[in-house]
Amino acid sequence: MFTNPKMILRALKVVTYTVLGWEMPIINHDRYILEQKIIAYFVERKEFTKVLFVGCGSYTKHYEKWFEKKEYWTIDINPMKKNYGAKKHITGSMSDLNLHFKDNDLDLIICNLLRNTFRRRRLSNEIKA
């Protein structure tokens, strides 16, 4: 399963940090924009009171602290990611949000999954079209 030494070290770090309850943010330009610009903007806005964050990981666990004055939900299709989710966490697909929320129930949905789904070049071409 894990043959790459870097992957083994990363997995051990994730497990250790998770067990100890330590934050493990990802430090790169994309996360900087998401966390310091986009999330920071919505945290400060009072009109966004009910927030759903799509996709959980060791690097998103600390987001709940940022949204502590809001009703913060997380959703992830992988049941193993529940440990990284909010207190109000849903294990399921975002295509089934209607099973969990009424129409117009959420003020904000943050979904930062496109980078993982598409290559950056292809995505930027699709956005330009």
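No experiment lies behind these values; they were computed from the predicted model shown.

Q: Where do I start with the pairing of strand β2 (residues 71-76) in this structure?
A: Successive side chains on a regular strand alternate, one facing one side of the sheet and the next facing the other. For β2, the tally of buried residues reaches five of six residues, placing the bulk of the element in the interior. Judged from the four bridges that link them, β2 and strand β3 (residues 88-91) form a sheet pairing that is parallel. Pairing of Thr74 across the sheet is with His89, part of β3.

Q: Where do I start with the pairing of strand β1 (residues 50-54) in this structure?
A: Counted residue by residue, β1 has five buried out of five residues, so it is predominantly covered. The alternating pattern of β1 places Lys50, Leu52 and Val54 on one face and Val51 and Phe53 on the opposite face, and all of these are buried. When β1 meets β2, the two strands line up parallel, connected through five bridges. Along β2, the bridge assignment pairs Val54 with Ile75. Bridge count for β1 against strand β4 (residues 108-111) is four bridges, and the pairing is parallel. If you follow Leu52 over to β4, its bridge partner there is Ile109.

Q: I would appreciate a short explanation of the nonpolar core in the present structure.
A: For soluble globular proteins, nonpolar side chains are generally found buried alongside one another. Core analysis: the biggest nonpolar cluster contains twelve residues, these being Leu34, Ile39, Phe42, Phe48, Val51, Phe53, Tyr63, Phe67, Tyr72, Ala86, Leu108 and Ile110. Listing elements by their share of this core, those giving two or more residues are α2 (29-44), β1 and β4. Among the elements that line this core, the one with the most residues is α2, at three residues. Not counting the four nearest positions on each side in its chain, Leu34 is found in contact with Ile39, Phe53, Tyr63, Ile110 and Asn112. Formed by eight residues, the second largest nonpolar core is a distinct cluster that contains Ile75, Ile90, Leu97 and Leu106.

What counts, and where the lines are drawn
- Residues numbered from 1 in each chain as written.
- Predicted model: local features only at pLDDT ≥ 70, side-chain atom pairs only at ≥ 80, totals over all residues.
- Heavy atoms only, no water.
- Buried < 20%, exposed > 50% of the residue type's maximum accessible area, 1.4 Å probe, protein only.
- Helix = DSSP H or I, 4+ residues; strand = E, 2+ residues; numbered from the N terminus.
- Pairing = 2+ DSSP bridges.
- Core = buried A, V, L, I, M, F, W, Y, C linked by side-chain atoms within 4.5 Å.
- Contact = heavy atoms within 4.5 Å.

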